[in-house]
Amino acid sequence: MDRDDSGREPDGVDLTRRELLKATAATGGLLLVGDLLPDGALAAIASDPDATIAPLDVRLRVNGADHRLTLDPRTTLLDALREHLHLTGTKKGCGLGQCGACTVLMDGKRVKSCLSLAALAEGRAITTIEGLAEGEQLHPLQAAFIERDAFQCGYCTSGQIMAGVACISEGHAGSAEEVREWMSGNLCRCGAYDHIVAAIQDAARSSTAAREG
Amino acid sequence: MHPFTLERPRDLAAARASGAQAGRNDAPAEYIAGGTDMIQLLQEYVRRPDRLVSLAGLLDDRIDVGPHGLRMGAAATMADVAAHPAVAERFPAIAESLLASASPQVRNQATVGGNLLQRTRCPYFRDVGYAACNKRAPGSGCAAIGGENRWHAVLGTSEHCIAAHASDLAVALVALDAVVEVQGTRVSRRVPLVDFHRLPGSTPHIESVLEPGEVVTAITVPAGPVAQRSHYVKLRDRASFEFALVSAAVALEMNGDRIRQARVAVGGVGTKPWRLPRVETALAGASLDPAALRTAAALAADGAKGYGHNEFKIELMQRAIVRAIETAGSRA
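In this text the structure is predicted, and so the values were computed from the model without any measurement.

> Just to check I follow, could you spell out the overall build of chain B for this structure?
Check the secondary structure of chain B and you find twelve helices and twelve strands. Scored against the burial criterion, the 332 residues of chain B give a buried share of 54%. Look at the contacts in chain B between residues 6 or more apart in sequence, and 65% of them connect residues 24 or more apart.

> When you look at the domain arrangement of chain B in this model, what are you seeing that I'm missing?
Interface extent is often summarised as the accessible area lost during association of the parts. You can read the domains of chain B as domain 1 (5-54) and domain 2 (225-329). Put simply, the middle of domain 1 of chain B and the middle of domain 2 of chain B, counted by C-alpha atoms, are 36 Å apart.

> Is there a simple way to think about the environment of H195 of chain A in this case?
Residues and elements named next belong to chain A. Mapped onto the secondary structure, H195 falls in helix α7 (residues 193-212). A count of 19 C-beta atoms within 10 Å places H195 in the partly exposed class. The contact partners of H195, leaving out residues within four places of it in the chain, are R148, D149 and A150.

> Before we go on, may I ask you to explain the interface of chain A and chain B in this structure?
Listed per partner, the contact involves 33 residues of chain A and 25 residues of chain B. At the level of secondary structure, the elements contributing two or more residues to the side of chain A that touches chain B comprise α2 (39-45), β4 (109-112) and α6 (176-182) of chain A. For the side of chain A that touches chain B, the per-class residue count stands at 18 nonpolar, ten polar and five charged.

> How should I be thinking about the confidence of the model for chain B in this particular structure?
Any segment with low pLDDT has predicted coordinates that should not be analysed in fine detail. Looking at chain B, the pLDDT average stands at 96 and 98% of residues meet or exceed 70. Across the predicted assembly, pTM comes out at 0.91 and ipTM at 0.96.

> I would appreciate a short explanation of the confidence of the model for chain A in the present structure.
Looking at chain A, pLDDT values average 84 and 75% of them are 70 or higher. Taken as a whole, residues 1-40 of chain A scores under 50 in pLDDT and shows 24 contacts with residues more than four places along the chain or in a different chain.

> Any chance you could explain α7 of chain A here in plain terms?
Three or four residues apart is the spacing at which side chains of an α-helix point the same way, because the helix has 3.6 residues per turn. All names here are of chain A. Across its 20 residues, α7 extends 28 Å between first and last C-alpha, which sits within 8% of the 28 Å expected from 1.5 Å per residue. For α7, the full list of buried residues reads I196, V197, A199, I200, Q201, A203 and A204. Next to the buried residues of α7 lie α4 (140-147), α5 (157-170) and α6.

> Where do I start with the environment of H160 of chain B in this structure?
All names here are of chain B. Here H160 shows up in the loop between α7 (112-116) and α8 (169-175). Owing to 18 C-beta atoms within 10 Å, H160 belongs among the partly exposed residues under this scheme. Taking the C-alpha atoms as reference points, H160 and T203, separated by 43 residues in sequence, lie 7.8 Å from one another. Not counting the four nearest positions on each side in its chain, H160 is found in contact with N134, C142, P200, S202 and P204.

About the criteria used
Residues numbered from 1 in each chain as written. Chains lettered and ligands numbered in written order. Predicted model: local features only at pLDDT ≥ 70, side-chain atom pairs only at ≥ 80, totals over all residues. Helix = DSSP H or I, 4+ residues; strand = E, 2+ residues; numbered from the N terminus. Buried ≥ 20, exposed ≤ 12 C-beta atoms within 10 Å, placed from the backbone. Contact = placed C-beta atoms within 7 Å. Domains from an automatic or database assignment. Nonpolar A, V, L, I, M, F, W, Y, C, P; charged D, E, K, R; others polar. pLDDT = per-residue confidence, 0-100. Expected span 1.5 Å × (residues − 1).

Quick look at the structure:
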C-alpha cells in the first residue's frame, strides 16, 4: 500500500503495527479493516452466521507438564501455547509455515507450531524455548547464541534456537553449508545468519566433545 | 479460518465413513493428516470445510524396502522417507526430491500421502482477494492467464487453468512407476500415480481420481536397476526452501555406455506430475553424448505452451532433463 510523506495511509487509515497486531489478535488473526481488503476478499471470507463450533477438550503436554484446555478446533498449537498457556517465547511470524519463528519440538523433532492444530498434538511431548534451560543453566545453544551475538531484534531467535537444537541432534550441523541448508526453514530479517551458523557450529562441536569426552 | 468441527475418529473405517458424508450445505468434509498444506489454506480462507476429519494416528507410517520394491504407508513423513538408508540407496531420486522439498520442520510434519494431494502454489488460487480462479471458485475464470504467470505450467494446461502441480516427490514417483493404494468405504483399489491426478480441462477444481471418503493408504514403487540409477534435479529462485520452477526426475538402466531404458518426468511445468514417454523412447539405445541427449530432451517441448512469463520453462526443462541424465548416467 502506498504511503504519503506523513507516513499515514492515503485513505486516512492510521494504524500502527502494534495496533494492527492487537486488532488481528482480537479477531483471531482475521483482518476486519475493510479498507485493507478488496470487496471480493471480504465476501469470500465472510463466515456463515449459522455456523456453530463445538469446543474441544484438549490435553497438551508441554515442557513436561500436562495441561487441560478447552479450545476452538481452529486453534493452532502456536496459539494454544501463546494465548492459552501464555508461553510467549514461541513467536508468531507469518502463521503460514514460511518463517520458522514458531518452531518447537514435538517428540524431539522440530515442527512449525503454526502448521499444527492443537487438538491434533494430543499425546505428543511438546518442548518450547521455555523448556530448554535447566533452571538457571542455559542450554549450550542458548549460551552460544549469546557468545556469538547471534541476533539483533531477537524475534526469530527462539525459533532459530529450537531449530538449531534439532539440527545438531539430527547430525546436520557440520559445515557452514550444511547448517545453512538445514536451517533454511528459519528466516532472520536482521540478517544475523553468519552469527547464527557460527553459534550452531560451536554448540555442535561442544556436544560432540562432551559425548566423546 | 472458517469455522469447522474437528472429528478425531477412532479408526480408519470410521474416518472413511465420516469423510464420505457431505457437510452442511453439501460442502464436502475434508481430511487432515500432517496438515502443513491444509492449515495454510484454512488460514487463507482458500479451503472452508465445515467438517475436518483427522487421520492422525489412523494411517500406516511404516517404510518397507524389500525384493519387490518400496512401500510407504501414507502417514510416513517426508523426513523419515528421505532419511531411510535403503530408500537413498535403491531409490535415490525419491530421497533427493524429498530433501529438496520444503524445510526440515515441514518435512517432519508432512506425510507422503498428503504430499501427493497438496494444492498448487498458484498465487491467484491462494489469494481470495482475486475473484477469478476456476480451481477455487469454478466458473470464475483464470487470473493467471494474462496475469503474472512466471511460476505456471506449460504442459497439460487448459483455457480454464494453468496452475502447476507443486510436489517434488510426485515427479520422482511418477518417473519410477509408483502406484497409489486407496481405500474407500466399500472397495480398495490401486491407482498408477500417472493416472492419479487429473488434467484441469474444464474442471480444474477436481484434481485427483479420489472419490468422496477415499483415503490414500500407501504408495508403492517397484524395485529394479532403473530405480537404483535415478536422479532428481530441481531448479528454483533460491537455493533452498523454495518450490521448483523446473525439475526433472530421470531413471536409467545402462548397457555399457549406452542407455538400455530410461524413465523421465518433469515438475514445475505440468498441471500434474508429468511423465515424458516420447523422450524415454528416444533415449533407449542412445549414448550419453550431450547432442544425443539434447535431441531426445527436445521432445519434451511437444505440446508445450507458454503464457508470457513462463516461456523460459520450455527450454529450461530440456536442459534440466539433460543435466539429470548426465548425472545419473555417470554414476558408478
